[in-house]
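# Architecture and fold: a report
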Amino acid sequence: MTIRFFISLIRIDHPKFISHGIIGSENWIFHTELTWLYVESSSSIGTWFWSEKLGWGWSRKDLWPYIWKNSPEGWVYFFGNQDGTLTFWDYSNSEFLRL
């Protein structure tokens, strides 16, 4: 149930949402731009997930592509994956973050 909610979170209501994801095992999913994500918890109030490049993040359907980044704390805006590099706008530092 958790993974199905997260997949629906990443695919609706925004042009940057991806139209598909692949369910891995247990709480792992493959997002076509963020790559492998571990989904810790998911509900109508949001989803916590872990990415190897970003670390822990949180978002929800009405905030996407804004992501709360856990460390260092702050909001980022996800622009997408270009040739394996994830590009964000980091509001805390007022600069692009490329991972």
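The structure under discussion appears in the preceding block.
What you see is a predicted model; the values in this text were computed from it and never measured. (Residues numbered from 1 in each chain as written. Predicted model: local features only at pLDDT ≥ 70, side-chain atom pairs only at ≥ 80, totals over all residues. Heavy atoms only, no water.)

### A few points about the nonpolar core
In this structure, Leu34, Ile67, Phe78 and Phe88 are the most contacted members of the largest nonpolar core, which totals 13 residues. For Ile67, the residues in contact, after removing those within four places along its chain, are Phe49, Leu54, Gly57, Trp58, Ser59, Gly74, Trp75, Val76, Phe78 and Phe88. (Core = buried A, V, L, I, M, F, W, Y, C linked by side-chain atoms within 4.5 Å. Buried < 20%, exposed > 50% of the residue type's maximum accessible area, 1.4 Å probe, protein only. Contact = heavy atoms within 4.5 Å.)

### Notes on the side chain of Ser51
Among the secondary structure elements, Ser51 is positioned in strand S4 (residues 46–51). Ser51 sits in the buried class, given a relative accessible area of 3%. Not counting residues within four places of it along the chain, the set of residues in contact with Ser51 comprises Leu34, Trp36 and Leu37. (Helix = DSSP H or I, 4+ residues; strand = E, 2+ residues; numbered from the N terminus.)

### Observations regarding the pairing of strand S8 (residues 85–90)
Residues in a regular strand point their side chains to alternate faces of the sheet. Bridge analysis of strand S7 (residues 73–82) against S8 gives 6 bridges, and the strand direction is antiparallel. By the bridge assignment for S8, Gln82 is matched with Thr85. Here S7 folds back onto S8 in antiparallel fashion, the turn holding 2 residues, of which Asp83 has a positive phi close to 55°. The pairing of S8 with strand S9 (residues 95–98) spans 4 bridges and is classified as antiparallel. Bridge pairing in S9 places Thr87 opposite Arg98. Connecting S8 to the antiparallel partner S9 that follows it, the hairpin turn spans 4 residues, and Ser94 within it adopts a positive phi of roughly 50°. (Pairing = 2+ DSSP bridges.)

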